[in-house]
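The residues making up each chain are set out below.
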Amino acid sequence: GPLLSSFTNSAPSDAPHNILHIIVGRDAFPGLRERKLFFNSDEELAKSLTLCGEIFDRNAELLKTAGVGEISVVFPQPPRNPRFA
């Protein structure tokens, strides 16, 4: 249709356009005991983000080759809403 033809007729771009979505298990913070507040996972989230950053850095060339321009990570923390980064 016309929508798809507008993409195929556009100028080629070297900009990465893929998005990688990662969901970290059913509960990203299994050791978290106090779950009354959404932000009780701040400390564990910071540790997880550091680890994710290290993993993404080690695989930067692979991600670039795959055209990944954005990475979205979801950290479930039942019974609260998930954390997104």
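Everything below is about the structure printed above this text.
This one's a predicted model, so the numbers in the text were calculated from it and none came from an experiment.

### As for the overall build of the protein
Then comes step 1: A tally of helices and strands in the protein yields three helices and three strands.
Then comes step 2: N-terminal to C-terminal, the α/β element order of the protein is α-β-α-α-β-β.
Then comes step 3: Here the protein holds 85 residues, and 21% of them are scored as buried.
Then comes step 4: Excluding contacts between residues fewer than 6 apart, the proportion of contacts in the protein whose partners are at least 24 apart in sequence is 68%.
Then comes step 5: As presented, the protein carries roughly 6600 Å² of accessible surface, and 60% of it is formed by carbon and sulfur atoms.

### What about the pattern of salt bridges?
Then comes step 1: By the definition in use, this model includes four salt bridges.
Then comes step 2: The salt bridge involving Asp 27 is made with Arg 35; its shortest N-O contact spans 2.8 Å.
Then comes step 3: Under the relative-accessibility criterion, Arg 35 is labelled buried at 17%.
Then comes step 4: For Lys 47, the salt bridge goes to Glu 43, with nearest N and O atoms at 3.8 Å. Here Lys 47 pairs with Glu 43, and both are found in helix α2 (residues 42-58), just four residues apart, close to one helical turn.
Then comes step 5: A single salt-bridge network, built from bridges that share partners, covers Glu 43, Glu 44 and Lys 47.

Procedures and definitions
- Residue numbers restart at each chain and count upward from 1, following the sequence in its written direction.
- Since the coordinates come from a predicted model, pLDDT governs what is reported: local features require at least 70, and pairs of side-chain atoms require 80 or more to be given and counted, while whole-chain, interface and lining totals use all residues.
- With hydrogens and water set aside, each side-chain value is computed from the structure's full complement of heavy atoms.
- Put simply, DSSP H or I for four residues or longer makes a helix, DSSP E for two residues or longer makes a strand, and each gets a number counted from the N terminus.
- Per-residue accessibility, obtained with a 1.4 Å probe over protein chains only, is compared with the maximum for each type, and a residue is labelled buried under 20%, exposed over 50%, and partly exposed between these values.
- Here, residues are in contact when the closest pair of their heavy atoms is within 4.5 Å.
- Computed with a 1.4 Å probe, the accessible areas rest on the Shrake-Rupley method; for each residue, only the protein chains presented here act as cover.
- We count a salt bridge whenever a side-chain nitrogen from Lys or Arg sits within 4 Å of a carboxyl oxygen from Asp or Glu.

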